[in-house]
Amino acid sequence: MIVDYILRRLGLLFFMILMLSVFTFSLAYLFPGDPLSNLSGVPSSNFAQHSELEDKYLYKSNYFMQYIAFLGRIFQGDWGLSFASGGSVFSHIFDLLPATLELSLYALIVSIVVGVPAGILGSGYHKRWPDKLINSTTMVGYSIPVFWLALLLIMIFSLKLGWFPMSGRMGLLYEIPASTGFILIDIALAGFPYKGMAFVDALRHLTLPTIVLAMYPTTVLVRFTRESMLKIMDQNFIKTARAKGLNRRQLIMHHALRNALLPVIKQIGLQFSTLITLAMITEVIFSWPGIGRWLIDSIYQRDFPAIQGGLMAVSLFVILATIIAELTYTLFDPLSRNQAHGKV
């Protein structure tokens, strides 16, 4: 049963990736300019080079053959050249994606650490002042736009108080070799005497972007965890345990929490895919050198091969994160697996 469910999800994943590749290939013909230039990243070329590109990209063949050749180049890592830099689009994505993943991962950790306990606390004091305070704070945080919150924090904590830097990943005093692309891990692996100071400097650069990016998923997790806990607390087995004399803490820790967190696991995975898209705005405001800022810059520069590659990379990661979250939730919850199996 579980094998059949995983195979169905993998089939859905394959179909979504196939549709994504068709859309990305179509962008070369939808963008302005020569489709061959949009595919290759070579804006202008002489007759000999143009003929060579036509042979490589099967440009004189039908669209289906061109699409097959496009898939082959995608799997080989040949995603064309950037109009702006002249470098490989795949190399740019490979170098910049860790910065976006790092920021999104830290924001997700903050969301879990703050959101899940706050939701549990709110459900434990339902309709009392802690619940009302948490609901009010969550409503305010949910309503604040990401860009407005970022500018507000920069104005207060960077310009006025000077506690945190307003842009970048690291101060100019430190040169960290990029071993993994994750700045904190690279600092830990680097062998220089000022490692502690560099680590603190990296954390100071991370603080404001992480808070801004974590605001929306934190509010979602608070509300989702609270509703899930309230739903479980209203079940008959909880009422039976309460009738046996168990206090609120025992009910939550030993009976309600395990069942209530199962839907939250799926929601955490979905929020991680949401963070990837929200990171684009955050990276632009804080000059964070990630794929989101690079993609926005490529749109302004009309760098069509970079736009194609960036959209495909971000979309592919969102699809993978969503499928993995759903599979993880299904593995932890046999009931949902049985219900999904019965629908087919």
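Residues numbered from 1 in each chain as written. Predicted model: local features only at pLDDT ≥ 70, side-chain atom pairs only at ≥ 80, totals over all residues. Heavy atoms only, no water.

Student: Explain a nonpolar patch on the surface to me, and be specific about the residues and the numbers.
Tutor: The grouping of Met-155, Ile-156, Leu-159, Leu-161, Trp-163 and Met-166 at the surface amounts to a nonpolar patch, some 590 Å² of accessible area in total. Looking at the secondary structure, you find Met-155 in helix H7 (residues 146-160). With relative accessibility at 48%, the residue Met-155 sits in the partly exposed group. (Patch = residues over 30% accessible without salt bridge, like charges linked within 9 Å, V, L, I, M, F, W, Y side chains within 5 Å. Areas by Shrake-Rupley, 256 points an atom, 1.4 Å probe, with all protein chains shown as cover. Salt bridge = Lys/Arg side-chain N within 4 Å of Asp/Glu carboxyl O. Helix = DSSP H or I, 4+ residues; strand = E, 2+ residues; numbered from the N terminus. Buried < 20%, exposed > 50% of the residue type's maximum accessible area, 1.4 Å probe, protein only.)

Student: Give a detailed account of the packing of helix H5 (residues 89-124) against helix H9 (residues 195-233), specifying residues and quantitative values.
Tutor: Relative to each other, H5 and H9 sit at 35 degrees, their axes nearing to 6 Å. Crossing of H5 over H9 shows right-handed handedness. Per-class residue counts for the contact of H5 with H9 are 18 nonpolar, nine polar and one charged. (Axes fitted to C-alpha atoms, helices over the stretch in contact; angles between N-to-C directions. Left-handed = near helix turned anticlockwise from the far one by under 90°. Nonpolar A, V, L, I, M, F, W, Y, C, P; charged D, E, K, R; others polar.)

Student: Please set out the nonpolar core residue by residue, giving values where relevant.
Tutor: Membership of the largest hydrophobic core comes to 45 residues, with the highest contact counts inside it found for Met-170, Ile-176, Ile-183, Ile-187, Val-212, Leu-213 and Met-229. Listing elements by their share of this core, those giving two or more residues are H5, H7, helix H8 (183-189), H9, helix H10 (236-243) and helix H11 (248-285). Beyond its immediate stretch of four places on either side in the chain, Ile-187 contacts Met-170, Ile-176, Lys-195, Ala-198, Phe-199 and Ala-202. Among the nonpolar cores identified, the runner-up in size contains 30 residues, and Leu-13, Leu-36, Val-42 and Leu-101 belong to it. (Core = buried A, V, L, I, M, F, W, Y, C linked by side-chain atoms within 4.5 Å. Contact = heavy atoms within 4.5 Å.)

Student: Could you give me a rundown of the layout of surface pockets, with the residues and numbers involved?
Tutor: Each pocket or cavity is described by its volume, and for the second largest pocket that value is around 300 Å³. For the second largest pocket, the full set of lining residues is Phe-14, Ile-17, Leu-18, Leu-20, Ser-21, Leu-71, Ile-74, Phe-75, Trp-79, Met-312 and Leu-316. For the lining of the second largest pocket, the leading source of residues is helix H1 (residues 2-30), giving five residues. Considering only residue class, the lining of the second largest pocket consists of ten nonpolar, one polar and no charged. (1 Å grid on protein atoms, 1.4 Å probe; cavity = no way out; pocket = protein on both sides within 12 Å on 5 of 7 lines; lining within 4 Å. Points joined across faces, edges and corners; volume = space filled by probe spheres on them.)

Student: Explain empty space enclosed by the protein to me, and be specific about the residues and the numbers.
Tutor: Counted under the stated rule, the structure contains one cavity of 30 Å³ or more. Its volume calculated, the largest cavity comes out at about 110 Å³. Forming the walls of the largest cavity are 13 residues, and the residues nearest its centre are Leu-39, Phe-70, Ile-74, Trp-79 and Gln-308. Mapped onto the lining of the largest cavity, the elements with two or more residues apiece are helix H2 (35-40), helix H4 (63-76) and helix H13 (304-332). For the lining of the largest cavity, the element with the highest residue contribution is H13, accounting for four residues. Considering only residue class, the lining of the largest cavity consists of six nonpolar, five polar and two charged.

Note that every value here comes from positions in space, so none of it alone points to a role or purpose.
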